[in-house]
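Coordinate inspection notes
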Amino acid sequence: MEISENIKKHIEELGEKVSLVAISKTKPESDLMEAYQAGQRVFGENKIQEMAEKWENLPKDIQWHMVGHVQRNKVKYMAPFVTLIHAVDSLKLLKEINKEAEKNERIISCLLQIKIAEEESKFGLEAEEAKEILASDEFIELKNIQITGLMGMATNSDDEAKVRGEFDYLRSVYVDFKKKQPQFEVLSMGMSGDYKIAVSCGSNMVRIGSAIFGERNYN
Ligand SMILES: *Cc1c(COP(=O)(O)O)cnc(C)c1O
């Protein structure tokens, strides 16, 4: 029962303007079904094969978000069904997603991941690099993808001012980009430990895992 109570509590707390992606990575399908029965339809995973397997087995009105780092050679496994890819961080990856989307006669929505944490994180783009991608002719030619916003992960820290500063920065980048990208509508920031700060900084999509499904044993 706990999962369904957590879902209901978060949906109520977040309200209509902030959408909830329930991060179900490593969790068994029975846990996802409990969330589903509580009304949740949007689930996020960070491994493509695990997501594809769950997609095969679970109800078809679930929307699947890929929130983890994407390896180009695995894009084909999610191209038939994925709803939103959160962590796109190169033009090369966008081209691959576009190619597989075209094969499936789909237009796949993606977010660009912007590096906002202080720690030397492996993934994500500088705002300037993201701007260059969006302005490039190569990008404009890609007809089977659309970039609908930005995603970021703050430093994992108890220092609220620091986390707030990082989310504020991403929000300002989003507002700036939106001037030239009117199709932007998603600002994906906030996880179990920091979603309240993220929402107060303007997030409209939070990715919450452990606060719904409990701690994970591995990632
Ligand atoms: C695992 C993960 C989350 C959820 O993390 P929790 O702390 O369990 O809420 C959110 N975003 C990404 C990109 C993740 O990989």
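Above this text you will find the structure in question.
Residues numbered from 1 in each chain as written. Predicted model: local features only at pLDDT ≥ 70, side-chain atom pairs only at ≥ 80, totals over all residues. Heavy atoms only, no water.

Moving on, we get to the site of the ligand. In the vicinity of the ligand, the residues found are Ile23, Lys25, Val67, Met151, Met153, Met191, Ser192, Arg207, Ile208, Gly209, Ser210 and Arg216. Separating an oxygen atom of the ligand from a side-chain N or O atom of Ser192 is a distance of 2.5 Å. At 2.8 Å, a backbone N or O of Ser210 approaches an oxygen atom of the ligand. The fraction of the free accessible surface of the ligand (390 Å²) that becomes covered by protein chains is 90%. Class assignment for the residues of the shell around the ligand results in six nonpolar, three polar and three charged. (Near = heavy atom within 4 Å. Polar contact = N/O pair within 3.5 Å; in protein donor to acceptor, adjacent residues only side chain to side chain. Areas by Shrake-Rupley, 256 points an atom, 1.4 Å probe, with all protein chains shown as cover. Nonpolar A, V, L, I, M, F, W, Y, C, P; charged D, E, K, R; others polar.)

Across soluble globular proteins, nonpolar side chains have a tendency to be buried as a group. Counting residues in hydrophobic clusters, the biggest one holds 64 residues, and the most contacted among them are Leu94 and Leu150. Once you skip the residues sitting within four places of it in the chain, Leu150 turns out to touch Leu111, Leu112, Ile114, Leu170, Val173, Tyr174, Phe177, Phe184, Val186, Leu187 and Ser188. Grouped together as the second largest cluster of nonpolar side chains are 10 residues, Ile23, Val42, Val186 and Met205 included. (Core = buried A, V, L, I, M, F, W, Y, C linked by side-chain atoms within 4.5 Å. Buried < 20%, exposed > 50% of the residue type's maximum accessible area, 1.4 Å probe, protein only. Contact = heavy atoms within 4.5 Å.)

Another aspect to go through is the pairing of strand β7 (residues 186-189). Along β7, one buried face is formed by Val186 and Ser188 and the opposite face, lined by Leu187 and Met189, is buried too. Sheet topology places strand β6 (residues 145-152) next to β7; four bridges connect them, and they run parallel. Directly across from Met151, in β7, lies its bridge partner Ser188. Crossover β6 to β7 through helix α8 (residues 160-178) is right-handed. (Helix = DSSP H or I, 4+ residues; strand = E, 2+ residues; numbered from the N terminus. Pairing = 2+ DSSP bridges. Right-handed = clockwise from strand over helix to strand, strands pointing away.)

Turning to helix α6 (residues 127-135), its buried residues number three or more, namely Ala127, Ala130, Ile133 and Leu134. The arc that holds every buried residue of α6, seen down its axis, measures 120 degrees, which confines them to one face. Exposed residues pointing more than 90 degrees away from the buried face of α6 are listed as Glu128, Glu132 and Ala135. Buried residues along α6 sit in contact with α5 (91-103), β5 (108-113), α7 (137-140), β6 and α8. (Arc of directions from axis to C-beta.)

Shape descriptors only; they carry no functional weight alone.
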